Amino acid sequence: MKKLLLWSLSLLIAWSTYSPESQAQNVPDPKIYDALEWRLVGPFRGGRSDGVTGVPGSDKTYYFASAGGGVWKTYDAGQTWKAVSDGYFGGSIGAVAVAKSDTSVVYAGGGEKTVRGNVSFGYGMWKSADAGKTWERAGLDKSRFISRLRIHPTNPNIVYAAVLGDIFKPDDTRGVYKTTDGGKTWDKMLFASDVAGAVDLIMDSENPEILYATTWDIKRTPYSLESGGPDSKMYKTTDGGKTWDDLTQNEGFPEGLLGIMGISVSPVNSNRLYAIIENENGGVFTSKDAGETWEKVNEDRSLRQRAWYYTRIFADTQDEETVYVLNVSYHKSTDGGKTFKGANAPHGDHHDLWIDPQNNQRMIIADDGGAQVSEDGGKNWSTYMNQPTSQFYRVTTDNSFPYRIYGAQQDNSTVRIRHRNDGRSISEDDWEPTAGGESGWIAPDPKDNDIVYGGSYGGYLTRENHRNGTSRSVNVYPNNPMGHGAEDMKYRFQWNFPIFFSPHDPNMLYTTSNQFHRSTNEGQSWEVFSPDLTRNDPSKLGPSGGPITKDNTSVEYYATIFTAAESPIKKGVIWAGSDDGLVHVTQDNGVSWQNVTPSDMPEWLQINSIEASPFDPAEAYFAATGYKTGNYEPYLYKTKDYGKTWTKITSGIAEEHFTRVVRADPEKRGILYAGTETGMYYSKDDGASWHSLQLNLPIVSITDLAIKENNLIAATQGRAFWIIDDLTVLHQADPSIGTKAFHLFKPQDSYRIDGVKRKSLTEGSNRPGGVLIYSYLKEEPKEELKIEFFDSKNQKLREFSTKGIDGDTLKVKAGSNEFNWNLRVEDAEGFDGLIMWAASLRGPKVPPGTYKVRMTLDGEAQDQTFEVLADPRYESTQSDLVAQYEFLLGVRDKLTETHKTIKLIRTYRAEMDSLETKPANLQMVLDEMDQIEKTLYQTQNKSGQDPLNFPIRLNNKLAHLSSVVGNGDYKPTDQSEEVKVELVTKIDAELTRFRELEKNQISKILNIEEMKTKLDKKK
């Protein structure tokens, strides 16, 4: 089956040179630029999961269903995880199950049951026949939300699926489905109504024809969550789903309105059922006669609070009286549910549990931090700090170096994380919590990046001083709204309300409720400078939740300003978009506001992001969504006249890839980027046509985008932060490139810093140090491809070839290629067996300046120039860095000369030892060569720790200067210069001594010129 990463390739259409009035234009074939990659920055901190399973018979293998990031698998009991759905599907996963009779068969169902305000739908059923290596579609394509899967114990082709369906509107796909052919076809076995889907499903372990199912009357709108209704039921079948009995009328079952219900059957005793029920008189119920009668055994609210988010119950696999209930904590009872003891896995808010049928000490739990494994019954759990499944709402950056990426992680803290470092990966050392909470925007102070403002639900707004470790609450109106509906609020602050600084006044901080607020004194006081910029419809401002359990957290607070931006070109031009479908603009800094909502746009869309043009104050773009009303169309609009007229710009975006964000490239007019629920897009013609920019990015919801230093940063809802490191390649990409034998792109100007890019299962990927060189080859080289680097005086610094030069073998392929030069010139020459202590042969980095790269393919050459930029963390001047470079170059060259001499000595010695006729002076020559070598190098060193026993010699001491002076970006110290002169003087004395010996003695014994030639060829 074709991978879904190819979905959008069929959407490619023509683009031509950009002009504002241009129509759809020819765009380059992605093969021209697809060496560009999305790089996973992290953080590796798990996001929400609501489905887990182990593998019977395999003590270390487990799967979990990420709420936004696909299906993950571990082979080592949770020490490391790998996304096994990548390349096939992704997004929200509601359930994953492994066939007991053939554990290579795995099914996954899209769409989580934990239907939060940021919930994403899924992409139907998927099946793997090789334990997750490859996948194919398995039906139920429009099911949206699949909450449970049950596989027949002896036939992996018989599967039952509990389908919630479309939770945003009435939907006939809801119910319990069955396949007998491995997902090729499905039959609906149970249907309660078009507003009640199946939420839990359990199979009797003794008889696979007996199943229990619960249906849930559930609906989400942009302004409400409703859990419960007349079609919330519990059912039982004894004939594999052909007929079902309604158990809610049986004796002991709670009367009145029912909501969500969880059910479990004891594997030890099939007559023993456990249920947790949302009801006015709900709680934990048990049946000892397979559902004929029921008894309430526990009504503790800690087991059933916030029922819609939890309500899962699990009978132990080996003890009939042991049962688990999941909620904020997970609770365990050993007396049939009468009493419970609470505990927590590494993260709270628990959603699913799998217990090994053969070993009840082995389990995996799903929670708001991903999935964790226990091998001792919950006493200890694996970590969730190894799963890059974080869900982020927004993304912004600061002006530090390297700059940091900021975002609020759902179900966790906010975070700021370095986009690159000098090391090998992005680890926990590179990130930390910052201001605000799990749901908010973040605004670093442009004057001082260690001062950060962040929001969260309830109108919460904090000022964090990272330097001092202090935090201050600066809420606009600190009236705690918890438990109240939006109608009670003086100011309505959404769960995800905007916070940002003016691009023109670094003291001006903005935030929004249903009105605009600003502060120039760090939140000490706030000015309201707009009227209510929403529809303010009273019918949509009531409390959320119900009809059984209310749930007012401000997620569903409606009629708020959901996104806003000030023009970076003209002060006082401010745009506002509401979550109830209005767009406003002020051109006079808030004195007056104009409603400029597009007339052709459906009412009640959520204006999710607004982008003020970086080129013209009259221009703006916005992305809108209607998915919470069951409308999955993309909506992107642009204006060129302050909103008087709007143009819809969605051509080329798939029909259900609803749009969350649009951004304009600040360097290249006409290039736009759009993040959708299912894919990443770009436009080269100001939105007239859109084309895939998915590349290697997994299928995931892109919630926000930011552009910094020609990098494109994506916040995702389930796969953390990703980044494209060099947009200039996309800027330069042109269809004509595909007609050429090869093309060398102009490299991005690059900072003079180190860094290594490597893949890791536990840490983020780093940007490599140096400069990235991108090229396109129509075909593989027939003879040779070379890449050479030159300084401003056209002196060659480094050369790489497909034929190999001094071990630097260049590897290329037909199509797009990336090559990384670390800005270092050739290393000093070494020799076999060289052992040194605290010393380096590494060539120095070139100083800041203009450089040239030349690519030569089969004799034809192309040149491009680029700048090497100083690392701004250092106070060093250009002359300091030139002095450092020249010092290190001198050390390198003297080391090379020294080591060549040692290799000559060893070559001569070996040849002399093989002479049949020994000259009279031979021993004297050998002794003197031996003295020279031992003065230059400690020949007794044979292993890495030997220098602690055998004192190092001149070459090691000189090479040590390379490590000392090469540490950081500074000019050499005076004492380093002094030591260098001293060491070089001593080395030169030995080299002179050797040359005289070579001239006067060795040349009379051996053909030294022939031997030198052979040695050079060998190198």
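Refer to the structure presented above.
All values derive from a computational prediction rather than experimental measurement. (Residues numbered from 1 in each chain as written. Predicted model: local features only at pLDDT ≥ 70, side-chain atom pairs only at ≥ 80, totals over all residues. Heavy atoms only, no water.)

Regarding the environment of Asp754
Under the convention used in this document: Helix and strand definitions follow DSSP, with helices as H or I runs of at least four residues and strands as E runs of at least two, each counted in order from the N terminus. Three exposure classes are used, based on accessible area relative to the maximum for each residue type with a 1.4 Å probe and protein chains only: buried under 20%, partly exposed in between, and exposed over 50%. Should any heavy atoms of two residues lie within 4.5 Å, those residues are counted as being in contact.
By secondary structure assignment, the location of Asp754 is in the loop between strand 59 (750-751) and strand 60 (764-765). A relative accessible area of 25% means that Asp754 is categorised as partly exposed. The contact partners of Asp754, leaving out residues within four places of it in the chain, are Arg420, Asn421, Asp422, Gly769, Arg824 and Lys845.

So, the sheet that holds strand 43 (residues 561-566)
To be explicit about the condition: Pairs of strands are assigned from DSSP output, requiring at least two bridges between the strands.
Strand order across the open sheet formed by 4 strands is 43-44-45-46, with antiparallel pairing between neighbours. Since the sheet does not close on itself, it has two edges, and those belong to strand 43 and strand 46 (594-595), each with one partner.

Focus: the pairing of strand 7 (residues 106-110)
Most of strand 7 is tucked away, with 5 of its 5 residues classed as buried. Residue alternation in strand 7 divides its side chains into two sets, Val106, Ala108 and Gly110 and Tyr107 and Gly109, and both sets are buried. Judged from the 4 bridges that link them, strand 7 and strand 8 (residues 125-128) form a sheet pairing that is antiparallel. Residue pairing across strands places Tyr107 opposite Lys127, the latter belonging to strand 8.

What about the packing of helix 3 (residues 878-913) against helix 4 (residues 922-936)?
What counts here: All axes here are fitted lines through C-alpha atoms, helices being fitted over the stretch that makes contact, and every angle between N-to-C directions spans 0 to 180 degrees. To sort the angles, those under 35 degrees are grouped as roughly parallel, those over 145 as roughly antiparallel, those from 65 to 115 as roughly perpendicular, and the leftovers as oblique. In this scheme, a crossing is called left-handed if the near helix is turned counterclockwise away from the far one by less than a right angle; it is called right-handed if the turn is clockwise. Three classes are used, and their members are as follows: Ala, Val, Leu, Ile, Met, Phe, Trp, Tyr, Cys and Pro are nonpolar, Asp, Glu, Lys and Arg are charged, and the others, Gly among them, are polar.
Put simply, helix 3 and helix 4 touch, their axes get as near as 10 Å, and they point 150 degrees apart. Classified by the interaxial angle, the pair formed by helix 3 and helix 4 is roughly antiparallel. Between helix 3 and helix 4 lies a crossing whose hand is left-handed. Of the residues in helix 4, those touching helix 3 at Thr898, Thr901, Ile902, Ile905, Arg906, Tyr908, Arg909, Met912 and Asp913 are Leu922, Val925, Leu926, Met929, Asp930, Ile932, Glu933 and Leu936. Of the residues belonging to the contact of helix 3 with helix 4, the class tally is 10 nonpolar, 2 polar and 5 charged.

A few points about empty space enclosed by the protein
Let me state the cut-off plainly: Think of a 1 Å grid over just the protein atoms. A cavity is a set of points where a 1.4 Å probe fits yet cannot get out, a pocket is an open set with protein on both sides within 12 Å along at least five of seven lines, and lining residues have an atom within 4 Å of a point. Grid points are joined across faces, edges and corners, and a volume is the space filled by probe spheres set on the points.
The final tally for this structure, using the stated rule, is 10 cavities of 30 Å³ or more. Estimated volume of the largest cavity: approximately 250 Å³. Each residue belonging to the lining of the largest cavity can be placed in one class, and the counts come to 6 nonpolar, 8 polar and 3 charged. Volume-wise, the second largest cavity comes out at about 110 Å³. Here the lining of the second largest cavity is composed, by residue class, of 6 nonpolar, 3 polar and 2 charged.

Topic: the nonpolar core
Heads up, the rule is: Definition used in this section: a nonpolar core is a set of buried Ala, Val, Leu, Ile, Met, Phe, Trp, Tyr and Cys residues joined via side-chain atoms within 4.5 Å.
Trp38, Tyr673, Met680, Leu693, Leu712 and Phe721 are the most contacted members of the largest nonpolar core, which totals 46 residues. Elements supplying a minimum of two residues to this core: strand 1 (38-42), strand 32 (414-418), strand 53 (680-683), strand 55 (702-708), strand 56 (711-716), strand 57 (721-724), helix 2 (728-732) and strand 61 (771-777). Contact partners of Leu712, with chain neighbours within four places excluded, come to Trp38, Tyr673, Met680, Leu693, Leu705, Ala706, Ile707, Trp722, Ile723, Ile724 and Leu727. Grouped together as the second largest cluster of nonpolar side chains are 37 residues, Val891, Leu936, Ile987 and Leu997 included.

Quick word on the sheet that holds strand 4 (residues 71-74)
Taken in spatial order, the 4 strands line up as 2-3-4-5 in an open sheet, and their pairing is antiparallel. If you trace the sheet from one side to the other, it starts and ends with strand 2 (49-55) and strand 5 (82-83), each paired once. Both strand 3 (residues 58-66) and strand 4 contribute to a ladder of 4 bridges, which runs antiparallel. Counted as the bridge partner of Phe64 is Trp72 from strand 4.

Side note on the packing of helix 5 (residues 954-965) against helix 6 (residues 974-1005)
Helix 6 packs onto helix 5 with a crossing angle of 155 degrees between their chain directions and a minimal axis gap of 10 Å. In terms of orientation, helix 5 and helix 6 fall into the roughly antiparallel class. For the crossing formed where helix 5 meets helix 6, the hand is left-handed. Residues Leu954, Lys957, Leu958, Leu961, Val964 and Val965 of helix 5 touch helix 6, and the partners they reach there are Ser976, Val979, Lys980, Leu983, Val984, Lys986 and Ile987. Along the lines of polarity and charge, the residues of the contact of helix 5 with helix 6 split into 9 nonpolar, 1 polar and 3 charged.

A look at the pairing of strand 61
The side chains of a regular strand alternate between both faces of the sheet. Counting buried residues along strand 61, 7 of its 7 residues qualify, which places the element largely inside the surrounding structure. Side chains Val771, Ile773, Ser775 and Leu777 of strand 61 all project onto a buried face; the interleaved residues Leu772, Tyr774 and Tyr776 project onto the opposite face, where all are buried too. The pairing of strand 58 (residues 742-744) with strand 61 spans 3 bridges and is antiparallel. Bridge assignment links His743 to a residue of strand 61, and that residue is Tyr776. Summarising the sheet, strand 61 and strand 64 (residues 815-821) pair through 7 bridges and their orientation is antiparallel. Paired with Ile773 across the two strands is Phe819, which belongs to strand 64.

A look at the layout of surface pockets
One number sums up the size of the largest pocket: a volume of about 1,300 Å³. In terms of lining residues, the largest pocket is bounded by 41 residues, among which Thr396, Thr397, Phe501, Pro503 and Ile707 are the most central. When residues of the lining of the largest pocket are assigned to their parent elements, the largest contribution, 5 residues, is made by strand 55. For the second largest pocket, the calculated volume is near 1,100 Å³. Lining the second largest pocket are 46 residues, with Arg150, Ile202, Trp354, Ile355 and Pro357 sitting closest to its centre. Going through the elements one at a time, strand 2, strand 3, strand 6 (93-98), strand 10 (146-151), strand 14 (196-203), strand 19 (258-265), strand 23 (312-315) and strand 27 (350-355) are the ones with two or more residues in the lining of the second largest pocket. Taken together, the residues of the lining of the second largest pocket sort by class into 23 nonpolar, 13 polar and 10 charged.

Overview of helix 4
Operational definition: Under the convention used throughout, the expected extent of a helix is 1.5 Å for every residue step, that is, one less than its residue count. Arc, as used here, means the arc of the directions from the helix axis to the C-beta atoms.
For helix 4, built from 15 residues, the straight-helix expectation of 21 Å at 1.5 Å per residue is met to within 8% by its first-to-last C-alpha distance of 21 Å. For helix 4, every residue scored as buried is listed here: Leu922, Val925, Leu926, Met929, Ile932, Glu933 and Leu936. For helix 4, the arc enclosing every buried residue in end-on projection is 125 degrees, short of the 170-degree limit, so these residues lie on one face. Elements that come into contact with the buried residues of helix 4 comprise helix 3, helix 5 and helix 6.

Describing the pattern of salt bridges
To be explicit about the condition: Each reported salt bridge corresponds to a side-chain nitrogen of Lys or Arg within 4 Å of a carboxyl oxygen of Asp or Glu.
Applying the stated rule across the entire model yields 65 salt bridges. Here Arg148 makes a salt bridge to Asp352, at a shortest N to O gap of 3.0 Å. One end of the pair, Arg148, is in strand 10; the other, Asp352, is in strand 27, and 204 residues separate them in sequence. For Arg148, a relative accessible area of 7% gives the class buried. Between Arg467 and Asp448 there is a salt bridge; the shortest N-O distance is 2.9 Å. Taken together, the positions of Arg467 in the loop between strand 37 (460-465) and strand 38 (470-473) and Asp448 in strand 36 (residues 448-456) put the pair 19 residues apart, joining distant regions of the chain. In the salt-bridge network here, residues are joined through shared partners; they are Arg416, Glu432, Asp448, Asp450 and Arg467.

Notes on the packing of aromatic side chains
Two measures describe an aromatic ring pair: the distance that separates the ring centres and the angle between the ring planes. Going by this rule: In summary, the pairing rule links any two rings of Phe, Tyr or Trp, Trp by its six-membered ring, whose centres are within 6.5 Å, and it sorts them by plane angle into stacked for under 30 degrees, edge-to-face for over 60 and tilted for everything else. Charge-over-ring contacts are defined here by two conditions on Lys NZ or Arg CZ: a distance within 6 Å of the ring centre and an angle within 35 degrees of the ring normal.
All told, the structure shown has 43 aromatic pairs when counted by the stated rule. Judged by centre distance (5.0 Å) and plane angle (65 degrees), the rings of Tyr309 and Tyr310 are edge-to-face. Ring geometry for Phe789 versus Phe819: centroids 6.4 Å apart, planes at 20 degrees, classification stacked. Pair noted here: Phe789 is in strand 62 (residues 785-790) and Phe819 is in strand 64, with a separation of 30 residues, a long-range link. Put simply, the rings of Phe121, Tyr123, Phe145, Phe168, Tyr627, Tyr632 and Phe658 pair up and form one aromatic cluster. In this arrangement the basic side chain of Arg220 is found over the ring face of Trp308, its NZ or CZ atom lying 5.5 Å from the centre.

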